[in-house]
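The primary structure of each chain is shown beneath.
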Amino acid sequence: MKQLTSAQLREMFLKFMESKGCARIQSASVIPENDPTVLFTTAGMHPLVPYLMGAKHPAGTRLTDVQKCIRTGDIDDVGDPSHLTFFEMLGNFSFGDYFKHEAIAWSWEFLTEVVGLDPDRLYPSVYLEDDEAFDIWNKEIGIPADRIYRFGKEDNFWEHGAGPCGPCSEIYYDRGEKYGCGKPGCTVGCDCDRYMEIWNNVFTQFDNDGEGHYTELEQKNIDTGMGLERLASVVQDVDSIFDVDTLCALRNKVCELAHTEYKKDEEKDVSIRLITDHIRSATFMISDGIMPTNEGRGYVLRRLIRRAARHGRLLGIQGPFLVDL
């Protein structure tokens, strides 16, 4: 496999999608512009929902971007090796333009031919009832039927209340037995860290009225999401997202300030990872105009800063230190 940095992977993805006719657009703010129901931009498609519903985007019907995202629903889990509050989402989108055939073929081409992942370690999944996607993987891409996994709504159908929704086709990468649980029958879909989902093709073809009634959208869309940090952890063959080049550099600075070494004391490692994550989120939130307050987004920012400062004290760091990160 090629040795690639996160910056290289980010640019390779954008250039690849540009070669497919997608216009490169800038990341939107972490403050949602068109959704008052949430505090932060949580996914690449979040700023683009109006265009999934038929509005015309000035850049056209094929887009690609790298969206900065913040998710705080799992904030209490941050500190373990796999949760982040801030991450970058690589995305390509179609608004009534290309659909399942192109999206699936491009995802396979990028991962195997551009990035150089071993095809034998990649496993696609489809929604239980999506025979069309199954046939594309099987008959067009050439994946044997027993290597394509069918999952139900919880895993392979994207929806968030009312609005555009649809089935998904994810791609998992087998990281090897050393990341597995060792249980008989461990395979794609297991809760262990062996099979990592790195790509998600969302086929936005329905409109949910919020009460479970689905109607076909006049305009069929593609919403692709791929976490840069996850992809980097696979390509760089590291134990966790906190070992990829970008987070590792920041993590090592935390260790320097704390006069400690990573992976020597699990209790300290939790604090190191939490600070590494929280300072990234705080920096991007502040850069988009959010300030610490007692409510809403400002309160979340304040909480992140306070948690990071507290864990700095647990590591024995004295005085203000977050500014140095």
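A short tour of the structure in this document, coming up.

Thresholds, definitions, all that
- Residues numbered from 1 in each chain as written.
- Predicted model: local features only at pLDDT ≥ 70, side-chain atom pairs only at ≥ 80, totals over all residues.
- Heavy atoms only, no water.
- Helix = DSSP H or I, 4+ residues; strand = E, 2+ residues; numbered from the N terminus.
- Rg over C-alpha atoms; globule rule 2.2 N^0.38 Å.
- Buried < 20%, exposed > 50% of the residue type's maximum accessible area, 1.4 Å probe, protein only.
- Contact = heavy atoms within 4.5 Å.
- Areas by Shrake-Rupley, 256 points an atom, 1.4 Å probe, with all protein chains shown as cover.
- Lys, Arg positive; Asp, Glu negative; His and termini not counted.
- Charge placed at Lys NZ, Arg CZ, Asp CG, Glu CD.
- Expected span 1.5 Å × (residues − 1).
- Core = buried A, V, L, I, M, F, W, Y, C linked by side-chain atoms within 4.5 Å.
- Salt bridge = Lys/Arg side-chain N within 4 Å of Asp/Glu carboxyl O.
- Axes fitted to C-alpha atoms, helices over the stretch in contact; angles between N-to-C directions.
- Parallel < 35°, antiparallel > 145°, perpendicular 65-115°, else oblique.
- Left-handed = near helix turned anticlockwise from the far one by under 90°.
- Polar contact = N/O pair within 3.5 Å; in protein donor to acceptor, adjacent residues only side chain to side chain.
- Nonpolar A, V, L, I, M, F, W, Y, C, P; charged D, E, K, R; others polar.
- Disulfide = S-S within 2.5 Å.

**Some points on the overall build of the protein chain**
Stage number 1. Helix and strand counts for the protein chain stand at nine helices and nine strands.
Stage number 2. In terms of overall size, the protein chain behaves like a compact globule, its C-alpha atoms giving a radius of gyration of 20 Å where 325 residues would be expected to give roughly 20 Å.
Stage number 3. Across the 325 residues of the protein chain, 51% fall into the buried class.
Stage number 4. In the protein chain, the proportion of contacts linking residues at least 24 apart, taken out of those at least 6 apart, comes to 67%.
Stage number 5. Of the roughly 15100 Å² of accessible surface on the protein chain, 48% is carried by carbon and sulfur atoms.
Stage number 6. A gap of 6 Å separates the mean positions of the 35 positive and 53 negative side-chain charges of the protein chain.

**Notes on helix α3 (residues 100-114)**
Stage number 1. The first and last C-alpha atoms of α3 sit 20 Å apart over 15 residues, in line with the 21 Å expected at 1.5 Å per residue.
Stage number 2. Among the residues making up α3, those that are buried are K100, A103, I104, W106, S107, W108, F110, L111 and T112.
Stage number 3. In the segment just after α3, G116 is the residue with positive phi, at about 90 degrees.

**Considering the nonpolar core**
Stage number 1. Core analysis: the biggest nonpolar cluster contains 62 residues, and F110, L111 and L117 have the highest contact counts within it.
Stage number 2. At six residues, α3 tops the list of elements feeding residues into this core.
Stage number 3. The contacts of F110, once residues within four sequence positions are left out, are L9, M12, F13, F16, V115, W199, M226 and L231.
Stage number 4. By size, the runner-up hydrophobic cluster in this structure holds eleven residues, among which are V30, F40, I75 and L301.

**Things to note about the pattern of salt bridges**
Stage number 1. All told, the structure shown has 20 salt bridges when counted by the stated rule.
Stage number 2. Across the pair E88 and R10 runs a salt bridge, and its minimum N-O distance is 2.9 Å. Taken together, the residues span a long stretch of sequence, with E88 in strand β3 (residues 86-95) and R10 in helix α1 (residues 6-19) at a distance of 78 residues.
Stage number 3. In this structure E88 comes out as buried when scored by relative accessible area, which is 15%.

**Things to note about the packing of α1 against α3**
Stage number 1. In the contact formed by α1 and α3, the axes pass within 11 Å of each other and the chain directions differ by 135 degrees. Relative to α3, α1 is oriented oblique. The two elements α1 and α3 meet at a crossing, and its hand is right-handed. Packed against α1, whose contacting residues are L9, M12, F13, F16 and M17, the element α3 presents W106, E109, F110 and V114 at the interface.

**Regarding the side chain of Q205**
Stage number 1. Structurally, the position occupied by Q205 is in strand β8 (residues 195-208).
Stage number 2. A polar side-chain atom of Q205 sits 3.3 Å from a polar atom in the side chain of K100.
Stage number 3. Not counting the four nearest positions on each side in its chain, Q205 is found in contact with F99, K100, C165, G166, P167, T215, E216, L217 and K220.

**Comments concerning the packing of α1 against helix α6 (residues 228-235)**
Stage number 1. Two elements in contact, α1 and α6, have axes whose closest approach is 10 Å; the angle formed by their N-to-C orientations is 115 degrees. For the pair α1 and α6, the crossing hand works out as right-handed. Contacts from S6, L9 and R10 in α1 reach L228, L231, A232 and V235 in α6.
Stage number 2. Classifying every residue of the contact of α1 with α6 gives five nonpolar, one polar and one charged.

**Here we look at the state of the cysteines**
Stage number 1. Within the structure shown, the criterion is met by zero disulfides.
Stage number 2. With no disulfide partner, C186 has as its closest neighbouring cysteine sulfur the one in C192, 3.5 Å distant.
Stage number 3. Residue class for C192 comes out buried when judged on its relative accessible area of 15%.

**A word on the side chain of D35**
Stage number 1. Checked against the element boundaries, D35 lands in the loop between β1 (23-24) and α2 (49-52).
Stage number 2. Despite its burial, D35 remains without a salt bridge, the nearest opposite charge being carried by R297 at 8.5 Å.
Stage number 3. A polar contact of 2.4 Å, which involves the side chain of D35, links it to the side chain of T37.
Stage number 4. Engagement of the side chain of D35 in a polar contact is seen with the side chain of H46, the distance being 3.1 Å.

**Here we look at unusual backbone geometry**
Stage number 1. Non-glycine residue H259 carries a positive phi angle of around 50 degrees.
Stage number 2. The exposure class of H259 is exposed, given its relative accessible area of 75%.
Stage number 3. Residue K263 is not a glycine yet carries a positive backbone phi of 65 degrees.
Stage number 4. Mapped onto the elements, K263 comes out in the loop between α7 (245-258) and α8 (266-287).

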